[in-house]
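Tertiary structure, described
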Amino acid sequence: MNQDTWGRVRDDLMQNLGRDAFNNWIKPLELVGESDGVVSFSVPTNFLGDWVSRNYGERIKNGFNQAGLEVDRLDFSVLPSILTPSEGADANDTRQGGSNLSRRSPKPDIDLPGSPLDKRFTFDSFVVGKPNELAHAAARRVAEGGPVTFNPLFLYGGVGLGKTHLMHAIAWEIQNRRPDAKVLYLSAENFMYRFVQSLRFKDMIGFKEMFRSVDVLMVDDVQFIAGKESTQDEFFHTFNALVDQNKQIVISADRAPGEIDGLEERIKSRLQWGLVVDLHPTDYELRLGILQSKVEAQERLYPDLRLADGVLEFLAHRISSNVRVLEGALNRLCAFASLVGREATLEVTQECLADVLRASDRKVTIDEIIRKVADHYNLRLSDMLSPRRARSVARPRQVAMYLSKMLTSKSLPEIGRRFGGRDHTTVIHAVRKIEELKSVDNQISEDIELLRRMLEA
Ligand code: ADP
Ligand code: MG
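Structure report, in brief. Everything numeric here is computed off the predicted structure, so don't read it as measured data.

1. Observations regarding the overall build of the chain
- Scanning the chain from N- to C-terminus turns up 21 helices and eight strands.
- For the chain, the C-alpha atoms occupy an extent of roughly 75 × 60 × 55 Å along the three principal directions.
- Within the chain, the proportion of its 457 residues that are buried is 47%.
- Sequence-distant contacts in the chain: of pairs separated by 6 or more residues, those separated by 24 or more amount to 71%.
- Charged side chains of the chain number 61 positive and 65 negative; the gap between the two group centres comes to 3 Å.

2. Brief notes about the nonpolar core
- With 56 residues, the main nonpolar core has W6, L29, F41, I60, F64 and F235 as its most contacted residues.
- The element best represented in this core is helix α3 (residues 46-66), accounting for six residues.
- If you count residues domain by domain, this core takes at least three from each of domain 1 (3-77) and domain 2 (130-278).

3. Brief notes about the site of ligand 1
- In the vicinity of ligand 1 lie 18 residues, with V127, G160, T164, H165 and E327 positioned nearest.
- Take V127: an N or O atom from its main chain is 2.8 Å from a nitrogen atom of ligand 1.
- A distance of 2.7 Å is found between an oxygen atom of ligand 1 and a side-chain nitrogen or oxygen belonging to E327.
- When ligand 1 sits alone it has 560 Å² of accessible area, and the protein chains cover 94% of it.
- For the shell around ligand 1, the secondary-structure elements that each account for two or more residues are α6 (163-177), α11 (284-301) and α13 (323-340).
- Of the residues assigned to the shell around ligand 1, the class counts are seven nonpolar, seven polar and four charged.
- Inspection of the shell around ligand 1 shows a minimum of three residues originating in each of domain 2 (130-278) and domain 3 (284-359).

4. A closer look at the packing of α11 against helix α12 (residues 311-318)
- At a minimum axis distance of 9 Å, the contact between α11 and α12 shows a crossing angle of 135 degrees. By the criterion of interaxial angle, the relationship of α11 to α12 is oblique. For the pair α11 and α12, the sense of crossing is right-handed. In this structure, α11 uses Y284, R287, L288, L291, Q292 and V295 to contact α12, whose residues at the interface are L312, E313, L315, A316 and H317.

Scoring rules and cut-offs
- Residues numbered from 1 in each chain as written.
- Chains lettered and ligands numbered in written order.
- Predicted model: local features only at pLDDT ≥ 70, side-chain atom pairs only at ≥ 80, totals over all residues.
- Heavy atoms only, no water.
- Helix = DSSP H or I, 4+ residues; strand = E, 2+ residues; numbered from the N terminus.
- Buried < 20%, exposed > 50% of the residue type's maximum accessible area, 1.4 Å probe, protein only.
- Contact = heavy atoms within 4.5 Å.
- Lys, Arg positive; Asp, Glu negative; His and termini not counted.
- Charge placed at Lys NZ, Arg CZ, Asp CG, Glu CD.
- Core = buried A, V, L, I, M, F, W, Y, C linked by side-chain atoms within 4.5 Å.
- Domains from an automatic or database assignment.
- Near = heavy atom within 4 Å.
- Polar contact = N/O pair within 3.5 Å; in protein donor to acceptor, adjacent residues only side chain to side chain.
- Areas by Shrake-Rupley, 256 points an atom, 1.4 Å probe, with all protein chains shown as cover.
- Nonpolar A, V, L, I, M, F, W, Y, C, P; charged D, E, K, R; others polar.
- Axes fitted to C-alpha atoms, helices over the stretch in contact; angles between N-to-C directions.
- Parallel < 35°, antiparallel > 145°, perpendicular 65-115°, else oblique.
- Left-handed = near helix turned anticlockwise from the far one by under 90°.

Rendered as structure tokens:
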């Protein structure tokens, strides 16, 4: 075990957690060493150690396991100094002797707590369609800061539907119109981190003053503070103080205020005082519009890019989950086509994006499988789940179990449970049996092909 392994694990965490979370929680960890499957870290506070252990412990352990180091447990302690035996060149880096903690982790810059704004996330680049027109109009209104606005503006919706984009757009627009306005945009996670830091450095006054001095406060992904009581408390006070001063607040979350578990009632109701609008899942027209607008940037990037007719339509049809995925698929396709110097035809698209297309395929459920198979063999649903073992019932049941294994990601015990509470060994037996039969019995293999096509359609 050396700093290199930890370096690799850290790189992965950085990729997976994003910069904010990484900087707040992972960066302050200092590796002490590993022995007998226990990896020890030195942490600046017990709070941070507890928090990382509870929220990221499993990921860190998995990271080590993937890097080839078997780890059973992580230990986080506040150590006065790090006394690592020299192992690897990096050990020179760790300070020896009674170093003082505040020197190793300097006080953060409380003056500039915001998260950076993405230059691309403006109103100009936001494509408006039915699913997001209300959210867009409300965001515009708030950004224009007329006499009547909504306070707070609460935007919610699923992943990748444009919440962060709209919030940044509001921030840019306000900054444009009123360059002297103090606009503070930050993730709820960042808010919590600032709060914890100010407790730690006993600077609650500075924290309160800073947050109460802004003209516009925007907190992204507020569901993050669900269940975190003292952070919620502070958020509530900040919120009230700002509303009392008529300062604008914009909040986003992945669901409606009333649906965020672990959020105090008084906060839920406070959040609904203003305007609550949701971003609906995208529809085909909106997705096509977004693709058409994003393809222009790609054409500037790759002047020789050729996209065949129907490719954007195909993508808008097939990738309906979220805009981030859609955008990623378009970027990848354009890079690929330009790199190999081919026109991006439908075939090229299918080949290049096979994994994305597969992942956004419609998910088949065990219930659907049971229903379709029962239909196909003219059986009742209850026959599929009953203990009867007559061949005429048992075989179709096995077919359904086999398809459940092939077409869903459910485990064998889960599948067994769904078939009238059977054991997982019954499912294994069914899968083997059908595999065997498929190669010798044409009827069965045709049935299965037909059912599979119907289920995946
Ligand atoms: P969320 O915060 O809701 O998870 P984001 O705002 O990060 O989603 O959006 C994900 C990506 O999709 C961003 O790159 C964003 O620019 C893009 N996007 C989402 N909706 C739109 C839209 N209506 N027009 C243009 N781009 C969009
Ligand atoms: Mg977001």
